[in-house]
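# What the coordinates show
The primary structure of each chain is shown beneath.
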Amino acid sequence: MRIGALREVVLNEARVAMTPESAIKLQKLGHECLIQSGAGSRASFSDTDYESAGVRVVATADQLWSESDIIIKVREPLAEELADSPDGKTLISFITPSSNGALLEQMAGKRMTALALDMVPRISRAQKMDALSSMANIAGYRSVIEACNHFDRFLMGQMTAAGKVPPARVLVVGAGVAGLSAIGTAVSLGAITLAFDVRPEVSEQIESMGAEFVFLEFDELQADGAESGGYASPSSPEFAKQQIEKFLQLAPSVDIVITTALIPNRPAPLLWTADMVNLMRSGSVVVDLAAERGGNCELTVADEKIVTKNGVTIIGFTDFPSRMASQSSSLLATNIRHMIDDLTPQKDGAINVNIEDDVIRGSLVSHQGEVTWPPPPPKVSAIAAVKKSHTVAETAAEKSLREEAELKKSLNISGIGIIIGSVLCLGLGTIAPSSFMQHLIVFVLSIYIGFHVIWGVAHSLHTPLMAITNAISSIIIVGAILQIVSSSFLVVLLASISVFIASVNIFGGFLVTRRMLAMFQRR
Amino acid sequence: MAFSEGFIAAAYIVAAVLFILALGGLSGQEKAKRAIWYGIAGMFLAVVAAIGSAGEQIVVLALMLTLGGIGGWFVANRVQMTQMPELMAGFHSLVGLAAVFIGVSADLEMNRALSAFQTGVADQLSGFALIIAAKTPLELKILKVELFLGIFIGAITFTGSVVAYGKLSGRLSSGALTLPGRHAINSAAILMCLGLGYLYQGDAGLWSMLLVTLIAGAMGAHLIAGIGGADMPVVVSMLNSYSGWAAAAIGFTLGNDLLIVTGALVGSSGAILSYIMCKGMNRSFASVILGGWGGEGQVSASVEGEMKAIDAADAAQALSDADSVIIVPGYGMAVAQAQAAVSELTKRLGAKGKKVRFAIHPVAGRLPGHMNVLLAEAKVPYDNVVEMEEINDDFPLTDVVIVIGANDIVNPAAQEDPQSPIAGMPVLEVWKSSLVLVLKRGAGTGYSGIENPLFFKDNTSMLYGDAKDSMNEILAELG
C-alpha cells in the first residue's frame, strides 16, 4: 500500500504525521511512503530528509490524494480538503467525531475508511497508538514552560548572596496525562507543586511524581474513574462546593495555576473562577490547557494570552503540541505507525481493517459508506476496577493512640507474666536445694541474654545463625568427655560415640558456617 | 595432668562469653566473618578444659575427635548450598542422639556411684560419678527429673530431625501425614512418658528411661511427619531450639554451667527463629506444630480467568524495556539450581543501567534466610537483597517483577480472600507492579496446594519450564 502524509492547511499547525524515522519503519512493513512537499518543514524535517529515508516527495495535495491508498495527517480534514478527493481512500488522523458530524457524513459519502486517532480505546494493548496521551504529555510539559516564560521569578528556591528566593508554588488541576506531565516538569524545575483531581485514586500517582495531593474533607466517594475509561466524570454539587472553597483558599498563595480538566464529550468544567483569579498575586500565571473546549478558567480567551487588571497572565493557547512540532511529530508519527502496524498483521503491505478488533473498531468512524461512530462499548474494560472499600488512611493522632494502646496491652501481658514467673520461681526455691538454684540462675540469665542477642541478628544471616548455634549446641561434647573417664565399659562406649557424633557436628557446623559467611559480599 | 578446678571454671566462663559474642556478631555480614572465630575459639577452649579436667582416656578422645572432625569436614565441604536445610536437620539429629546417650550413661554412672557409696568405695570413683556421690537425696531426685527431660527432648529432637531430613531431602513425601486421632496419639505419648518419669522417680531402673526414649522418639517422628512441607522453616528452627534445650537439660544433669549457658543460648535462638517464621506466615506456633495445611473443609474461592504464557524472547524484551526490576526467589529457584543464572541476569541488567533488586520473604525457602545464602553463593551483593517490609512499597513503581519458583509468598489471596487458608499472611505485593513474570515448572498449585490468583492476573505472564533453563534462555535472548 502507498501511504501519503499531507501538509497541514490550518494556519498554526506545524506538526506532520510522518517523520523520516517512522517512514523507514513503515517501509519495513511492506508499504511505500509519500509526502507532500514542505509538509515537515515547520517540524524541522526537510524534503531532503524524507528523500534520504526513501520517501517520495510529491508536489501537490491532489497528487498525493490520487497516488496514495492511505492518507495520514494530523488535524481532521477540512470540508474543502475533502471536496476534490477521490473515493474509497483510507484516512488516519485526529477527527473529533463528536463535534464533526457533517465531516463524518462527507467521509461516508466518499466511501472513506476513516480511523480517528482520538478514538483509540484506552486499553493497555492500545497504549502505543494513544496519540491523545502523547500530545497531552507534550502539552503538560509545554504548559509549564509557557508559564515560566510569563512568570517573572524563579521556580526553584535559592539562597544567594543577594538574599533568599522562595520557591514558586504551582497548582495543577486535573491529574490526567497532561496534568501528571505538568507536575513532573514543575517539580523538576524546583517548584513546590500541588495537584488536585476529583478522582481520589490518582493521589498515589500524584505523590509518586513528587507533588502534594490537595485533599478535600469529604466522605462521599466519587464515581470510580475506572468505569468511564480512566477519565474523570462530572462532580456532585456538594463536592463542587467544597472544591471551590478549597481553591479560593489556595488562590492567594499559588504563583502558577495549570488547569487540565476535560471530561469526554462535554464542555470543559469551570474550575478556576474570576474570583480566584482576582485573589491571585500580580505576576501570577494561569495556563488553561482546556481552552479549546471553553476553558477551565472563567477568563480564558482561546488562542490568546491576556493580562487581567490585577496583573495575572492567562494563557489560553490551544496549540501547545504544535509549539513543539518536532517532538510532537515524532511521537504522533510513531503512534500512527503502530496503528498501521496493527492494520498490517501479515507485515506484507496489505491492509486488513478487522472490525472484530476492539482497538480498530473503536477508532473506526467511517467504513464502507457508513458512519460507524459511536462504536459499541469495548469488550475489555480500560483499567481494572479499584476496590470500593477505600479504607480511610489513619491519621497520625489515631496511629499514636493505637500504638499507645497496643504498647500498654503488651506491657500488661508481660507484667502478669513476670509476676507469675516470679511466684513460680520463689515456690521452686522453697523446695529445691541451693545447688540447683545456682544452676537455675545461670540458665534463666542465659535465656535472657540469648533473647537479646538473637533479636539483633540480621534476617539475611538466619541460616548461618542456625549453623553456628548447631555447632555450639555440640557443647554437649563436654558432658560426654566428663563421662568417658568411667570405669564401666558401657558408659565409656556410649560416651565415645557421643564424642564422635558431637565432633562431627562441631567441625561440620563451624566449617559450613564459614563457607556461607565467606560468600556474603558487598557490591 | 588434670587442670585445677578454678582454671576449668575460668575456661568455661571465657568460652561462654565467646559463644555470646559469636551469636551477637551475626548482626552484620562483615562482623559475622570475625564472629565465627569467637565461636571456634570458645569451643576449642571448652573441649581442652574438659579433656584436661578428665585427664584420662586421652587416646580414645583424640581418636573420636579426629574421626568426627574428618566426618564433619567431609560433610561440610561436600554439601551444596541448596541442601542446607536438610544438612541442618541432620546436624540437629546428632545433638539429640548425643543427648540421649549422655543421659543414659548418666543413669548408669548414677547407679554405680550409689552402689559404690553403699559399699564404701566411693573414694575410688572419678569424673561424673564422683559428683553424684556427693549429692543429697533431694538433689538426686532433681537429677532424675533433669535426666528425664534430657532424654525426652533429646529423643524427640533425634527422630524429628531424621524425619525432617527425609522430607527436606526428598527421601520422604513432603505432605503432611494425618493419621486419625493424631492429637490423641501425641497426648497419649506425652502422658506415658510422664508416667514412666514418675516410675523412674520411684525405683524403676534404666528400663523406664529406655522406654521413654522409644516413646518420645516415635512421638518426635510422628509430630514432624504431620507437618506439611511449607512449614519446614518453622520445623527446622524449632528442632534447632530443641537441640539447645536438650543440651541445657544435660547441663543440669551434669551440673555443668557451660552446657546450661550454651544450651539456653541455642534454645532461645531457635525459639526466636520459629517465632519470626510463624509471624512471616501469620500462623500461631501451636497451629504449625499441631498440623499442616491442606486439611479438610477449607474451601477457598476458585479463581477465574486464564494464565497467559509468554516465551523467553518476549520476557527478555520486557526486561530490556524495564528500568527497575525486582526478583522474588522461592524454593523453586533452589530446586532448579537457578541462582547462578539469576545472578548473571542481575549483572547483565545492572550493566545496562537498570535497577535490579531482590525481595526476600521471611519464609522463602525451607530454612530461615535460605534465599540469602543461595544468592550469596551466586555472588549477588547483599546490599541488593531487601527484606519484605522494606520493599513492599516499591512494587507499584517497578516495571518488571520476576517470580522464580515462589508461590504462596506472592499469593494475593492472602490479602483479598478471607476464606483462603493463608488469609492474613504477609505477602510480597508483586501484582502491583506493571508486569509480573512467573517462572514455574507447570500450571499446577504450589507446595501448599493453594490456588494462586496472581497467575491469573492481567499483568502476569507465565514462563513455563525449569527455572534454570528459562533463565538461560532469557540470557541468550538478551545477548
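Residues numbered from 1 in each chain as written. Chains lettered and ligands numbered in written order. Predicted model: local features only at pLDDT ≥ 70, side-chain atom pairs only at ≥ 80, totals over all residues. Heavy atoms only, no water.

### Examining the overall build of chain A
Counting secondary structure elements, chain A contains 18 helices and 17 strands. A fraction of 65% describes how many contacts in chain A between residues 6 or more apart in sequence connect residues 24 or more apart. Accessible area of chain A: about 24100 Å², with a carbon and sulfur share of 58%. (Helix = DSSP H or I, 4+ residues; strand = E, 2+ residues; numbered from the N terminus. Contact = heavy atoms within 4.5 Å. Areas by Shrake-Rupley, 256 points an atom, 1.4 Å probe, with all protein chains shown as cover.)

### Considering the sheet that holds strand β2 (residues 355-360) of chain B
Residue and element names in this part refer to chain B. The parallel open sheet is built from 6 strands, whose spatial order is β3-β2-β1-β4-β5-β6. At either margin of the open sheet sits one strand with a lone partner, and together these are β3 (385-387) and β6 (460-464). Taken over all neighbouring pairs, the strand axes of this sheet differ in orientation by 25° on average, direction set aside. Summarising the sheet, strand β1 (residues 324-329) and β2 pair through 4 bridges and their orientation is parallel. Its bridge partner being in β2, Ile-327 is matched across the sheet by Phe-358. Docked against the sheet, helix α15 (residues 370-377) engages β1, β2 and β3, running at close to 145° with respect to β2. (Pairing = 2+ DSSP bridges. Axes fitted to C-alpha atoms, helices over the stretch in contact; angles between N-to-C directions.)

### Brief notes about the interface of chain B and chain A
Every contact between the two is made by 111 residues of chain B and, on the other side, 84 residues of chain A. Of the roughly 8800 Å² buried between chain B and chain A, counting both surfaces, carbon and sulfur atoms make up 77%. Run the count over chain B and chain A and you get 0 salt bridges. The interface formed by chain B and chain A holds 9 residue pairs in polar contact (both at pLDDT 80 or more) in total. It is helix α4 (residues 84-119) of chain B that contributes the most residues to the side of chain B that touches chain A, 18 residues altogether. For the side of chain B that touches chain A, a count of residues per class yields 69 nonpolar, 28 polar and 14 charged. (Buried area = accessible area lost by both parts, 1.4 Å probe. Salt bridge = Lys/Arg side-chain N within 4 Å of Asp/Glu carboxyl O. Polar contact = N/O pair within 3.5 Å; in protein donor to acceptor, adjacent residues only side chain to side chain. Nonpolar A, V, L, I, M, F, W, Y, C, P; charged D, E, K, R; others polar.)

### Let's talk about the pattern of salt bridges
One pass over the structure, following the stated rule, counts 17 salt bridges over all chains. Between Lys432(B) and Glu429(B) there is a salt bridge, with the nearest N and O atoms lying 3.2 Å from each other. When its relative accessible area of 13% is taken as the criterion, Glu429(B) is described as buried. Three or more residues are tied together by salt bridges with common partners; here these are Arg142(A), Glu146(A), Asp319(A) and Arg323(A). (Buried < 20%, exposed > 50% of the residue type's maximum accessible area, 1.4 Å probe, protein only.)

### Thoughts on the sheet that holds strand β10 (residues 192-196) of chain A
All names here are of chain A. Spatial strand order, β11-β10-β9-β12-β13-β15-β14: 7 strands in an open sheet with mixed pairing. The two strands at the open ends of the sheet, each matched to only one other strand, are β11 (212-213) and β14 (305-307). For strand β13 (residues 285-288) and strand β15 (residues 313-315), the ladder comprises 3 bridges, and the chain directions are parallel. Paired with Val-286 across the strands is Ile-314, a residue of β15. This element, helix α6 (residues 131-150), spans β12 (256-259), β13, β14 and β15 of the sheet and lies at about 150° to β13. Of the strands in this sheet, β9 (169-173) and β10 are in contact with helix α9 (residues 237-250), which crosses β10 at around 165°.

### Digging into unusual backbone geometry
The amide bond that connects Trp373(A) to the next residue, Pro374(A), takes the cis arrangement and shows omega of -5°. Looking at the element boundaries, Pro374(A) is found in the loop between β17 (370-371) and α14 (396-431). For Asp303(A), which is not glycine, the phi torsion reads 65° and is therefore positive. As for its placement among the helices and strands, Asp303(A) is situated in the loop between β13 and β14. Located in the positive-phi region is Lys379(B), a residue other than glycine, with phi close to 65°. Mapped onto the fold, Lys379(B) is located in the loop between α15 and β3.

### Things to note about helix α8 (residues 206-225) of chain B
Along its 20 residues, α8(B) runs 29 Å from first to last C-alpha, staying within 8% of the 28 Å computed at 1.5 Å per residue. Most of α8(B) sits inside the fold, with 14 of its 20 residues counted as buried. (Expected span 1.5 Å × (residues − 1).)

### Looking at the packing of helix α16 (residues 462-473) of chain A against helix α9 (residues 232-254) of chain B
Between α16(A) and α9(B), whose axes approach to 10 Å, the crossing angle comes to 25°. With respect to α9(B), the axis of α16(A) lies roughly parallel. Seen along the crossing, α16(A) lies across α9(B) with a hand that is left-handed. Of the residues in α9(B), those in contact with Met466(A), Thr469(A), Asn470(A) and Ser473(A) of α16(A) are Val236(B), Ser237(B), Asn240(B), Ser243(B) and Ala247(B). For the contact of α16(A) with α9(B), the class distribution of residues is 3 nonpolar, 6 polar and no charged. (Parallel < 35°, antiparallel > 145°, perpendicular 65-115°, else oblique. Left-handed = near helix turned anticlockwise from the far one by under 90°.)

### Considerations on the pairing of β9(A)
Burial of β9(A) is extensive: 4 of the 5 residues sit out of reach of the surface. A crossover links β9(A) with its parallel partner β10(A), the connecting element being helix α7 (residues 177-188) of chain A, and its sense is right-handed. (Right-handed = clockwise from strand over helix to strand, strands pointing away.)

### Thoughts on the nonpolar core
Side chains of a nonpolar character, in soluble globular proteins, are inclined to be buried together. Among the nonpolar cores identified, the biggest contains 192 residues, and Val328(B), Ile402(B), Leu428(B) and Val430(B) are the most heavily contacted of them. The element that contributes the greatest number of residues to this core is α4(B), accounting for 16 residues. Ignoring sequence-local partners within four residues, the contact set of Val328(B) consists of Ala359(B), Phe395(B), Val401(B), Ile402(B), Val403(B), Ile404(B), Ala406(B), Ile409(B), Val410(B), Leu428(B) and Val430(B). Core analysis: the second largest hydrophobic core is formed by 41 residues, Tyr50(A), Ile92(A), Leu332(A) and Ile336(A) among them. (Core = buried A, V, L, I, M, F, W, Y, C linked by side-chain atoms within 4.5 Å.)

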